[in-house]
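Results of the structural survey
Here are the chains, one letter per residue:
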Amino acid sequence: MESNHRGGDDGTPIFDNLDLDLIIQVLANTAFSPFFVALMPVFYVFQGAKVSDGIVVGGVVYYLAISLFWFIKWYSRLYRNQGSFILRPKRLEWSDQIVVVTGGASGIGELLANTLAVRNVTVVVLDINPIVTENYNIAYYKCDVSRWEEVEAVSKKIIEEIGEPTILVNNAGVVQGKSIVDLSPEDIQQTFGTNTLSHFWILKAFLPGLLKRKSGHIASITMSSAMGLVGAAQMSDYCASKAAVKSLHESLRYELDNRYKCPEIRTTLVCPGHVLTPMFKTVSLPTYLGFSFLAPSIHPVTLVKKVIAALDDQHSQIIFLPFYVNFVPYVSHLPSFLRDAFQWISGADYAMENFVKISGRREDEGPIPAEIKTKA
C-alpha cells in the first residue's frame, strides 16, 4: 500500500484507492497465500471434522494447488537467474554502485536519481537539461541520448572522472501524439532516437564495462509501455518504439546468458500502464463506471519504488504494473471481435484525440514529493 502522506499536484493528500490492484494484493496475502490457506484444513480438524471429510480434503487439495502455483512462479524466477535453492544473492552494497539514469533531470528520472542519492549511491544523470538537486553525489552530464556521438563522448568522460557504471537505467522518452500522416520525419526520428536508439547507445557505451565485471544491472523503464504490447490510434511511432525496446530487452537477456556467459548481469524491463505525469495530462481516459477500478493509473512514486526494489532484489525480471497489464500481451491472440471489443472498452483509440504535447517536457515529467527528497 502507498503511504497516504504523499502530496498531490494540488497539495491534497493521496490516499489508497479501492481498485483491482489493492484487492489482488490483499488476496495474495490471504486466500491465495499458502501460509494462510494451510490453516484452513487444520482449523476444521480442530473443530471436530474428520480428515476424510470433504471440506478437509478440499482444503488440502486447494492448499496443494496454491502451493504448486507459487512454487512454479518461484522456480521460474530462480531458473531465469540461475540462482541457488538455498542461498539468495549477496546483499547489494548500494554505496559501491554507480548508477546512470537517462532523462534524469525531471519527473520520474529525477525522483529516481534523488531517491538513490539519499542511499549514498553515486548517480550520473544524462539529460539535455540540468538537474536541480541538493544531493552532492549526483553528477550531471549534458547529453542528448538519442545521438550516438554525444553518448560516446560523455561515456568516456564518465568512466574517466567517476568510474565504470554498475547499473544502467534507460528512462528517457518522448511522445508525439500524432496520426501517421501528421508525423513529420523529425517527429519520427525524435521518437525512435529517444525511446529506442538511446537504449542501444547506452548499451554500446557501458555494457563492455559490465561484461568485464561480469555483474551489474540494466533496467529499461518504458513509460506507458502497455502501448508497446498492443497498438493504438494516434500512437503509431510511440507504440512501435516501445515494442522495439521490449524485443531489445529479450535479445539482450539471451546474449548475456548464451554468448557472453554473464547471467550475473541482471536485466529488468518495467511495463507500466498510464502513469500520472503532466506529459500525459491531456490523455482522455474512459470515465465509465469500473474503468478506474480495473485499470488504475500509477503514481510516479509507486513506479520508482518498484524499480528500486527490482535493483535491490538483484533478479532479472519483467514488471507489469498495474495488474491488468499482465494480460495485455495476450490481447493480440484473441478472436478479432473480442480484440476489437477490448480496444473499444479500453478507449485506447480515442485517448489521444485531445492530446497536447507540452513543449520542452519529456514523458516522465512530474513533481517530486517532498519526502522523497529528504529520506530514502
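The present account deals with the structure reproduced in this document. (Residues numbered from 1 in each chain as written. Predicted model: local features only at pLDDT ≥ 70, side-chain atom pairs only at ≥ 80, totals over all residues. Heavy atoms only, no water.)

From N to C terminus, the protein includes 12 helices and 7 strands. Here the protein holds 376 residues, and the buried ones make up 46% of them. The long-range fraction of contacts in the protein, counting pairs at least 24 apart against all pairs at least 6 apart in sequence, stands at 70%. For the protein, the accessible surface area stands at approximately 19,700 Å², while carbon and sulfur atoms represent 61% of it. (Helix = DSSP H or I, 4+ residues; strand = E, 2+ residues; numbered from the N terminus. Buried < 20%, exposed > 50% of the residue type's maximum accessible area, 1.4 Å probe, protein only. Contact = heavy atoms within 4.5 Å. Areas by Shrake-Rupley, 256 points an atom, 1.4 Å probe, with all protein chains shown as cover.)

Moving on: the pairing of strand β1 (residues 98–102). Of all 5 residues in β1, 5 are buried, a share of seventy percent or more. Here β1 shows two buried faces, one formed by I98, V100 and T102 and the other by V99 and V101. Examined bridge by bridge, β1 and strand β2 (residues 122–127) share 5 bridges and lie parallel to one another. Paired with V100 across the bridge in β2 is V124. With helix α5 (residues 107–117) bridging β1 and its parallel neighbour β2, the resulting β-α-β unit is right-handed. Where β1 lies against strand β4 (residues 167–170), 3 bridges are found, and the strand directions are parallel. Residue pairing for β4: V100 is matched across the bridge by L168. (Pairing = 2+ DSSP bridges. Right-handed = clockwise from strand over helix to strand, strands pointing away.)

The N-to-C vectors of helix α7 (residues 185–213) and helix α8 (residues 236–259) enclose an angle of 15 degrees; their axes lie 9 Å apart at closest approach. Viewed along their axes, α7 and α8 adopt a mutual orientation that is roughly parallel. Remark: the crossing between α7 and α8 carries right-handed chirality. Residues D187, T191, F192, N195, T196, H199, F200, L203, L207 and L211 of α7 lie in contact with α8, whose contacting residues are D237, Y238, A240, S241, K242, A244, V245, L248, L252 and L256. For the contact of α7 with α8, a count of residues per class yields 12 nonpolar, 5 polar and 3 charged. (Axes fitted to C-alpha atoms, helices over the stretch in contact; angles between N-to-C directions. Parallel < 35°, antiparallel > 145°, perpendicular 65-115°, else oblique. Left-handed = near helix turned anticlockwise from the far one by under 90°. Nonpolar A, V, L, I, M, F, W, Y, C, P; charged D, E, K, R; others polar.)

Here the focus is the packing of aromatic side chains. Per the counting criterion, the structure on display carries 8 aromatic pairs. With a centroid separation of 6.3 Å and 40 degrees between ring planes, the pair formed by Y75 and Y79 is classed as tilted. Here Y75 and its partner Y79 are both found in helix α4 (residues 54–80), 4 residues apart, which amounts to about one turn of the helix. What links up through ring pairs into an aromatic cluster is the set F71, W74, Y75 and Y79. Note that R119 overlies the ring of W94, its terminal NZ or CZ placed 5.2 Å from the centroid. One Lys or Arg, K204, reaches over the ring of W148 and ends 5.4 Å from the middle of that ring. (Phe/Tyr/Trp six-rings, centres within 6.5 Å; stacked < 30°, edge-to-face > 60°. Lys NZ or Arg CZ within 6 Å of the ring centre and 35° of its normal.)

With the exception of glycine, most residues fall at negative phi, and the peptide bonds are largely trans. The residue after L321, namely P322, is reached through a cis peptide bond having omega -5 degrees. Topologically, P322 is positioned in the loop between β7 (317–321) and α11 (336–346). In this model, Q234 sits at a positive phi of 70 degrees, which is unusual for a non-glycine residue. Among the secondary structure elements, Q234 is positioned in the loop between β5 (216–221) and α8.

A few words on the pattern of salt bridges. Counted by the stated rule, this structure contains 7 salt bridges. For the salt bridge of R147 with D144, the shortest nitrogen-to-oxygen distance reads 3.3 Å. Salt-bridge contacts for D257 lead to R253; the nearest nitrogen and oxygen are separated by 2.8 Å. One end of the pair is D257 and the other is R253, both in helix α8 and 4 residues apart, which spans about a single turn. Linked by salt bridges that have partners in common, R80, R253 and D257 make up one network. (Salt bridge = Lys/Arg side-chain N within 4 Å of Asp/Glu carboxyl O.)

Note that V60 resides in helix α4. In this structure, the C-alpha to C-alpha distance between V60 and M40, residues 20 residues apart in sequence, is 8.4 Å.

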